[in-house]
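Observations on the model geometry
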Amino acid sequence: EQRKNTDARYLGHPLIVFREKDGRYDYELSPEGRKCHYLQFLINTSNFTWRKRPEEIEESEIFENNLHLLSKMCAIGYMLMECKDANVTRAVIGMDGKQSEVGDSNGRSGKSLVGELMRQVVDTVYISGKRTDIFNDSFIWNDIDERTRLVFIDDVMLNFNFEFLFPNITGDWSVNYKGGRRITLSFSQSPKIYIATNHAIRGTGSSFTDRQWLLAFSDFYNESHKPVDDFGALFFTEWDFDQWNLCWNLLANCIQLYLTFGVVQAPGERLEERKLRQEIGETFISWADEYFSAPEHIGCRLVKKELFDALCLYDPAQRKYNTPASFKKKFVMYCKWKGFVFNPQKYDSKTGL
């Protein structure tokens, strides 16, 4: 049932070969790898230095781009494999790497094309993340059965409750069908999950980080520059045999990379900053930026109540949404986001704690 009746042919060698040295990754493309549309697309979406001139790009930035590419390819290999490892219980999440204001949707960067690739090659159930009833609909998993290998939740909203998926990621998956039938898929049978989002996924702590495989997409592709502009053909529907054959070879390459390198997380700085900004909120950032633009408010003792009152004076609605405890939590996050040292008298420069 899962076999694809495609006349694919093995090229005899990988499209791309990665090498690691001192924790840095470099890669080499074969001639076929340069022709493969999807591989070039992955390289472009991992390119965070495309706006710079070649002489301005630092060596560390090149290695960071390479790590983004390897992370995407290993994640694709992980999603393709039917085998499930109890030590790797993660949902793959495609996010924008570009910094922007909370609530802004920087779409069109190519995140959903990873999910669309999966729909072409494995049994995938598609769920729109824009559904407002996604957490209240008891039949949300109605299309899942024993053959489903992946659930693709596309374009989830700003306040997506990732915790809702915890049991499905790490344990058995219960499915209610319309008509009263109900089944439970064991962990080894249950599908994997891919989420595409224009926002950071809310939630902090090891419970969240251990269940997430984050992929960062650059804004190389955007509303004014699409993959079809570079490749002259729509992906999947307008590919000829040669492109599809290159894609099948690339998929095998991705599985080999996952088996070789395992879970390769994308460099986390961009995603961490985006997540912090979302947790802090734009109103708090606007107030704090203005408050700390005055030199007398930096490097001196600050009274928490006075700061909280200053925020509520800036925006009275904040008193309704913030307690003194949550205010302090946001304040610590803001300091981390700006690179300030919070309570320097308690900071140990040797350990960084």
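Figured I'd write up the structure that's included with this text. Each chain carries its own residue numbering, running from 1 in the written order of its sequence. Local features in a predicted model are, by the rule used here, given only for residues with pLDDT of at least 70; side-chain atom pairs are given and counted only at 80 or more, and totals for whole chains, interfaces and linings are based on all residues. The side-chain numbers reported here are obtained from all heavy atoms of the structure, hydrogens and water having been left aside.

All right, on to the overall build of the protein then. Along the protein, the regular secondary structure elements total 13 helices and nine strands. We compute the radius of gyration over the C-alpha atoms and compare it with the globule rule, which gives 2.2 Å times the number of residues raised to the power 0.38. For 353 residues, the compact-globule estimate of 2.2 N^0.38 gives 20 Å, and the C-alpha radius of gyration of the protein, at 23 Å, lies within 12% of that figure. Seen through its C-alpha atoms, the protein measures out along the principal axes to roughly 70 × 65 × 40 Å. Burial statistics for the protein: of 353 residues in total, 47% are counted as buried. Any two residues having at least one pair of non-hydrogen atoms within 4.5 Å are treated as being in contact. Taking contacts inside the protein between residues at least 6 apart in sequence as the whole, the part at least 24 apart equals 76%. Looking at the protein as shown, the accessible area adds up to about 18500 Å², and 49% of this sits on carbon and sulfur atoms. Neither His nor the chain termini are counted; the positive set is Lys and Arg, and the negative set is Asp and Glu. Every charge is mapped to an atom, namely NZ of Lys, CZ of Arg, CG of Asp or CD of Glu. Of the side chains in the protein, 45 bear a positive and 49 a negative charge, and the two mean positions are spaced by 5 Å. A run of DSSP states H or I qualifies as a helix once it reaches four residues; a run of E qualifies as a strand once it reaches two. Both are numbered from the N-terminal end. Relative accessibility thresholds used throughout: buried, under 20% of the residue-type maximum; exposed, over 50%; partly exposed, between the two (1.4 Å probe, protein chains only). Accessibility throughout is a Shrake-Rupley quantity obtained with a 1.4 Å probe, and a residue counts as covered only by protein chains that appear here.

Looking now at unusual backbone geometry. One non-glycine residue, Asp-155, lies in positive phi territory at about 60°. When you line up the elements, Asp-155 lands in strand 5 (residues 150-156). Residue classification places Asp-155 among the partly exposed residues on the basis of a relative accessible area of 26%. Phi is positive for Phe-236, which is not a glycine, with a value near 75°. Checked against the element boundaries, Phe-236 lands in the loop between helix 7 (227-231) and helix 8 (241-261). The exposure class of Phe-236 is buried, given its relative accessible area of 9%.

Once that is clear, we can look at the nonpolar core. Most often, soluble globular proteins have nonpolar side chains that are buried together. For this analysis, a nonpolar core means a set of buried residues of the types Ala, Val, Leu, Ile, Met, Phe, Trp, Tyr and Cys, connected via side-chain atoms within 4.5 Å. Within the largest apolar cluster, 51 residues are counted, with the highest numbers of intra-cluster contacts made by Tyr-38, Leu-39, Met-73, Ile-76 and Tyr-194. In terms of residue count, helix 3 (residues 59-80) provides more of this core than any other element does, nine residues in total. For Met-73, the contacting residues outside a window of four places in its chain are Ile-16, Phe-18, Leu-39, Leu-42, Leu-250, Cys-254 and Leu-257.

A word on helix 3. By this rule the span expected of a helix is its residue count minus one, scaled by 1.5 Å. The end-to-end C-alpha separation of helix 3 is 32 Å, in line with the 32 Å expected for 22 residues at 1.5 Å each. Most of helix 3 sits out of view: 17 of its 22 residues are buried.

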